[in-house]
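Inside the fold
What follows is the residue order along each chain.
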Amino acid sequence: LKNYAIIMREVTAYGSGLAQKPILVAMNKIDTLAEEEINFFKEELEALCGQKVFLISAVTGRGVLEVLRALKNKIISAQLKNEKQFEGDFKWQP
């Protein structure tokens, strides 16, 4: 939980609109924790960040596909938003 707060402070301090970009939050190395610990930390982190927290383990592969799909959806949503934003500003002419 401390790490999340530190990372978000650094992102905000960096500036350049980085803190306004969409983010995904994931808890890694869940293979090293008991299920009770995973559930506790997930609930605490979700309360802190205000969004779904993905549970992943790079070692076992648990949750990796789910977070990759969510990332793909975020990217597609951002691309569609950008296309709509510029749709009326530019008309292509041959």
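Counting restarts for each chain, with residues numbered from 1 along the sequence as it is written. Under the rules for a predicted model, residues below a pLDDT of 70 receive no local features and side-chain atom pairs below 80 are neither given nor counted, while totals for whole chains, interfaces and linings still include all residues. Note that water and hydrogens are dropped before the side-chain values are worked out from all heavy atoms of the structure.

In this section: the overall build of the protein chain. Each helix is a run of DSSP H or I of at least 4 residues and each strand a run of E of at least 2, with the numbering of both proceeding from the N terminus. Each helix and strand in the protein chain was counted, giving three helices and two strands. Beginning at the N terminus, the succession of helices and strands in the protein chain can be written as α-β-α-β-α. In this scheme, a residue with accessible area under 20% of its type's maximum is buried, one over 50% is exposed, and one in between is partly exposed, where area comes from a 1.4 Å probe on protein chains only. Looking at the 94 residues of the protein chain, the share that counts as buried comes to 16%. Two residues qualify as a contact provided that any one of their heavy atoms is within 4.5 Å of a heavy atom in the partner residue. Across the protein chain, the fraction of contacts at a sequence separation of at least 24, relative to all contacts at a separation of at least 6, is 58%. Residue exposure ignores everything except the shown protein chains as possible cover, and the areas themselves are Shrake-Rupley values with a 1.4 Å probe. Accessible surface computed for the protein chain: about 7,600 Å², of which carbon and sulfur atoms make up 57%.

What follows deals with helix α1 (residues 2-14). To estimate how far a helix should extend, the number of its residues minus one is multiplied by 1.5 Å. Its 13 residues place the ends of α1 18 Å apart at the C-alpha level, agreeing with the 18 Å of an ideal helix rising 1.5 Å per residue. Buried residues are scarce in α1, accounting for one of its 13 residues. Downstream of α1 by a residue or two, G15 has a phi angle that is positive, lying close to 80°.

What follows covers the packing of aromatic side chains. Side-chain rings of Phe, Tyr and Trp, where Trp is taken by its six-membered ring, are said to pair if the distance between their centres is within 6.5 Å; with planes under 30 degrees apart they count as stacked, over 60 as edge-to-face, and otherwise as tilted. Overall, the coordinates contain one aromatic pair when judged by the stated rule. Consider the rings of F40 and F41, whose centres lie 5.3 Å apart with planes at 70°: the pair is edge-to-face.

On the surface, a nonpolar cluster with roughly 370 Å² of combined accessible area is contributed by L1, F40, F41 and L48. Relative to the assigned elements, L48 resides in helix α2 (residues 35-49). Like charges within 9 Å and nonpolar side chains (Val, Leu, Ile, Met, Phe, Trp, Tyr) within 5 Å are joined into patches, using only residues over 30% in relative accessible area that form no salt bridge. Counted as salt bridges are all cases of a side-chain nitrogen of Lys or Arg within 4 Å of a carboxyl oxygen of Asp or Glu.

Moving on: the nonpolar core. In this description, a nonpolar core means a group of buried Ala, Val, Leu, Ile, Met, Phe, Trp, Tyr and Cys residues linked to one another through side-chain atoms lying within 4.5 Å. Counting residues in hydrophobic clusters, the biggest one holds nine residues: Y4, V25, M27, I30, I38, L45, C49, V53 and L55. Counting residues per element, the ones that place at least two in this core are β1 (25-27), α2 and β2 (53-55). Per-element accounting of this core gives the leading share, three residues, to α2. Those residues in contact with Y4 that sit more than four places away from it in its chain are I23, V25, L45, L48 and C49.

Scope: geometric values only; no functional claims are made or implied.
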